[in-house]
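Here is what each chain is made of, one letter per residue.
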Amino acid sequence: MGGDQLPKAYEPAEIEAKWYNFWESQKLFRAEEDRTGKEYSIVIPPPNVTGSLHMGHALNNTLQDILIRYHRMNGYNTLWMPGTDHAGIATQNVVEKQLALEGKTREDLGREQFIERVWQWKEHSGGVIINQLKRLGCSCDWDRERFTMDQGLSRAVREVFVRLYEEGLIYKGDYIVNWCPRCHTALSDLEVEHEDSDGFLWHIRYPVEDSGESLVVATTRPETMLGDTAVAVNPEDQRYRHLIGKNAILPLVGRKLIIIGDPIVAMDFGTGALKVTPSHDMTDFELSRRHNLDRVTIMDTSGRINDNGIHFSGMDRYECRRAIVEELDQKGFLAGIEKYKVGLGRCYRCKDVVEPLISKQWFVKVEPLAKKALEAVETGKTRIVPESWTKTYYEWMRNIRDWCVSRQIWWGHRIPAWTCEDCGEVIVARETPSQCTTCNGSRLVQETDVLDTWFSSALWPFSTMGWPDSTRLLQTFYPTSCLVTGFDILFFWVARMMMMGLKFRDDVPFREVYIHALVRDEEGKKMSKSLGNVIDPLMVMDKYGTDAFRFTLAALAAQGRDIRLSESRIEGYRNFMNKLWNAARFALPYLENSQGKTSLDSQTAFSLEERWILSRLNRTIGEVHDAITSYRFNDAAQALYHFAWHEFCDWYIEQAKIPLNASGSPEAARAAAVLRHVLDSLMRMLHPFIPFITEEIATKIPSNGHTIIRGPYPVVNESLLDSEAEREMNVLMGLISSVRNIRAEMNLAPGKPLDVVVFPSSPEEGELVLGSCLMVRSLGKVGDLTVHPHDTDREPPRMAATAVVGDMRVFVPLEGVVDPDAEISRLEKELSKIEKEYDAVRRKLANDAFLSKAKPEAVQKQRDREAELAAKLSGLGEGLTKMRSLKSA
RNA sequence: GGGCGGGUAGCUCAGGGGGAGAGCACUGCCUUCACACGGCAGGGGUCGGAGGUUCAAAUCCUCUCCCGCCUACCA
């Protein structure tokens, strides 16, 4: 034995690298598109090419890998489709920052050169995150890696755009959109982050023409008054209704503003009068459509006041605000200022304050698409887990608004639309047209806008599989089995994939969506670079190993709750890895010749301890299976942790040392066979969670072959479930624990053997203890173990510590060893605890209402408990009485 | 304004109508031939607050107070 020279502590680094290289080089992650049978597929939420692995990725991809590895081991033809997203604005910003360091702007380079530069950057450092995913152990089918801007996906994007356009589901028009003055592009509603910030509500007096009256309006953005074209009041408002139809005069500018009545105006907010600035406010834009109002744009795309801004023109928006307020004040138009929490919209990429601005944009008409996406979830074609998110999904789908898909940036899918400079015809086509379809002119100019990044992401489940071609891959793996994602992109991505999948594949993109929590810091804040509260997953993997990290994430991934990651938790699971490692270090030397000698099917041959561990093993297999298939990763992790550490290591291995050391005996061979089976099953069960250490250990088990990555995954063997063995082991473990407790509480030396006398409550129990006396003596450090026959007169030892296990009495004779006071206080402590419980149970059983109304099982349970507690009380009570009398004697 | 989730041991979190759980931290003993990243034995909680339903409530209902998130055209 001991041929293996395993290090005492598990050292992950080398083992992780070794196995990942092996798996990848042997193509063990490969999906077989031509194999029919049961399939399981997941498309990865493509990380941004700009990205480096953060906690969100780590969690997301660990969970996917668990599902993928689990199904692969269970014999499924498994596809995990990997890839990255071009991340339009984000990536463009990164490269622009690099240019800024060289003192250049993208305009200096020009569009073509700039895009070339982004591609260079992408080729050069865009793969970082892929390597980090490999480091995490992700078993993606890397040969199929895709990129949202590669040729195939670009083709899919154009195909979708053209078809939607042809069906009238894409249109172009002047609308007010969220505009980022820093990124110089429109943003979708979703790309705007809202926050409350300290601000003011300014009250401004607008004189009413031909009357001595004036209207006071309230606004948080006084600078926009330069673009006012109306004043609105609620038609029900008695204060103002007589003014409707008259004109107000815009201070400083002198423009006439029609006073309109519209129910949108809240009478109880501010002054009840609303200044209307159609070009710079979403609500006001709506009002202008309803009431046919003029629109005056007073700001340019950088947030500066334009030529319509009289003498304020050229000012920055905030500079203008200060100047206007000052001038209004000077000229007596300022009626008041109050402090107010203003809702600000910020660009989700650069955090600059978004400006509502009118511009020409492309929109997707989503209502018809949303309808089907809604139905698909309602009818269960796609199931959202946890279910609570379905409500959120419905809510959004029902109130969905058209999707602004054009972006005024350079990096992305350029919109496949051309305008004829001769006749003005707009041509939308899959391929670049050479001449105008209307006038045959050849002066065609392509649209400069690109598409929202999420447009291509929306096609991801089928574009990655070769669509619009009808490929084998699509036929085999679409719809995918599951999508794993965070709720932060439920609308951005999940909802849109649903719409596009149903539209273009006539089927849902995935049968299930598992929505996991967000990883937050210890204070519950979202981890982000700008907050400086990130825990770097790469650092964690370096320090604790990938397996420990993955197991932590799985253990914390309870449904419907955010994860607050703390390093101490990871450390705890690192220790678990070490525990597994050392269990293997112990076991492996015994397994050299164990295979084949004992069949695990012949239950009768096993010892009680073996029947017990095999039963517990199979129950755990069942629990883990249930947990994984219902996305309760934390339950699976906990069941495995508990079984491995507190059943297998703490009890089974400790006990197995006895037969194993009787080398050459049949008991030794059988114990080795069981040890081998349990260790092997445990590694296989754990493999989806912690692939590296389990592969290392499992492949060291003699005759196991080269890898467990393709399974099989353990399945429950019903014939090994053994409630009787579990019950009996509980008695024995209770007995051993009670001896240990006496030893510890009475400060007896840990190494000192204690004699133990047992009064069993039945002949069977006596045989049970005798049958396992080796284990009891070894694990309890027992010297002489005396089991009194059940049916004889039994006199407890004169001076002994007492314990009760079930109905069994346990005595540890302590004549001359210890002060009775120690035993008295130990018993008193124990008794007071039990008495409290006992009283509660008796009160319950004395309650007629309980007896008559409660379920019979519940009553019986309480009766059983009462009996058990009574036995304990009387046993311990007797011991106490005796000890007291001995003391006084 | 609307919606969702959460407030359980010092910390991080499970549980979700009938005996309050885990990990870490803590206390005591132990360097026993797999593991001190360990073993054994312990201590610790009126389950945010108030009502209600029930024989029985941490768990269900109502109200309430905090915390977080999503969403919204009260400027």
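As a reminder, the structure under discussion sits directly above these lines.
Asker: Residues and numbers for helix α8 (residues 282-291), please.
Answerer: For α8, the complete set of buried residues consists of Asp284, Phe285, Leu287 and Ser288. Taken end-on, α8 shows its buried residues confined to a sector of 160°, consistent with a single buried face. N-capping of α8 is provided by Asp281, with a side-chain oxygen placed 2.9 Å from the backbone N of Thr283. Of the residues flanking the end of α8, it is Asn292, one or two places downstream, whose phi is positive at about 60°.

Asker: Any chance you could break down the sheet that holds strand β7 (residues 192-207) for me, citing the residues and the numbers?
Answerer: Strand order in this open sheet of 3 strands is β8-β7-β13, and the pairing throughout is antiparallel. The open sheet is flanked by β8 (214-219) and β13 (334-347), the only strands paired with a single partner. Neighbour-to-neighbour, the strand axes of this sheet turn through a mean angle of 20°, independent of strand direction.

Asker: How would you summarise the nonpolar core if you had to cite specific residues and measurements?
Answerer: Within the largest apolar cluster, 203 residues are counted, with the highest numbers of intra-cluster contacts made by Met397, Phe455, Met500, Leu580, Phe648 and Leu682. The element that contributes the greatest number of residues to this core is helix α20 (residues 633-661), accounting for 15 residues. Those residues in contact with Met397, other than ones at most four positions away along the chain, are Ala370, Ala373, Leu374, Ala495 and Met499. Met225, Ile298, Leu328 and Phe333 belong to the second largest nonpolar core, which has 36 residues in total.

Asker: Residue-level account of unusual backbone geometry, with values.
Answerer: Cis geometry is adopted by the peptide bond preceding Pro468, which originates at Trp467 and carries an omega value of 10°. Tracing the chain through its elements places Pro468 in the loop between α13 (460-463) and α14 (472-477). Each neighbour pair has its own omega, and for Tyr478 with Pro479 the value is 0°, a cis peptide bond. Along the chain, the position of Pro479 falls in the loop between α14 and β22 (480-486). A positive phi angle, close to 65°, is found at Asn440, a residue other than glycine. Along the chain, the position of Asn440 falls in the loop between β19 (426-428) and β20 (444-446).

Asker: An account of the packing of aromatic side chains is requested, with residue identities and associated values reported.
Answerer: Two aromatic rings, taken as a pair, are described by how far apart their centres are and by the angle between their planes. Across all of its chains, the model carries 43 aromatic pairs by this definition. An angle of 65° between the planes, with centres 5.6 Å apart, marks the rings of Phe161 and Trp362 as edge-to-face. Taken as a pair, Phe161 in helix α7 (residues 151-166) and Trp362 in strand β14 (residues 355-364) lie far apart in primary sequence, 201 residues in all. For the pair formed by Phe161 and Trp362, the shared burial category is buried. One aromatic cluster is present, formed by Phe551, Tyr573, Phe576, Tyr641, Trp645 and Phe689 through successive ring pairs. Over the ring of Tyr76 we find Lys38, and its NZ or CZ is 4.5 Å from the ring centre. It is Arg69 that lies over the ring of Trp23; its NZ or CZ is 4.5 Å from the centre.

Here is what the cut-offs are and how they apply
- Within each chain, residue numbers correspond to sequence positions counted from 1 in written order.
- Labels are handed out in written order, letters beginning with A for the chains and numbers beginning with 1 for the ligands.
- Owing to the predicted nature of the model, reporting of local features is limited to residues with pLDDT of at least 70; listing and counting of side-chain atom pairs is limited to 80 or more, with chain, interface and lining totals taken over all residues.
- Side-chain numbers come from the whole structure's heavy atoms, not from hydrogens or water.
- Throughout this description, buried means an accessible area under 20% of the type-specific maximum (1.4 Å probe, protein chains only), exposed means over 50%, and partly exposed covers the range between.
- Strands are runs of DSSP state E lasting at least 2 residues, helices are runs of H or I lasting at least 4, and numbering of each runs from the N terminus.
- Note that the arc is computed from the directions linking the helix axis to the C-beta atoms.
- We call two N or O atoms a polar contact when they sit within 3.5 Å, provided that within protein one can donate a hydrogen and the other can accept it, with sequence-adjacent residues counted only if both atoms are side-chain atoms.
- Strand pairing follows a simple DSSP-based rule, namely that at least 2 bridges must link the two strands.
- All axes are obtained by fitting lines to C-alpha atoms, using only the stretch in contact for helices, and the reported angles, taken between N-to-C directions, cover 0 to 180 degrees.
- To define a nonpolar core, start from buried Ala, Val, Leu, Ile, Met, Phe, Trp, Tyr and Cys residues and group those joined through side-chain atoms within 4.5 Å.
- What makes two residues a contact is simply this: any of their non-hydrogen atoms within 4.5 Å.
- Between the rings of Phe, Tyr and Trp (Trp by its six-membered ring), a pair exists once the centres lie within 6.5 Å; its type follows the angle of the planes, with under 30 degrees stacked, over 60 edge-to-face, and the other angles tilted.
- Over a ring means this: the NZ of a Lys or the CZ of an Arg is within 6 Å of the ring centre and within 35 degrees of the ring normal.

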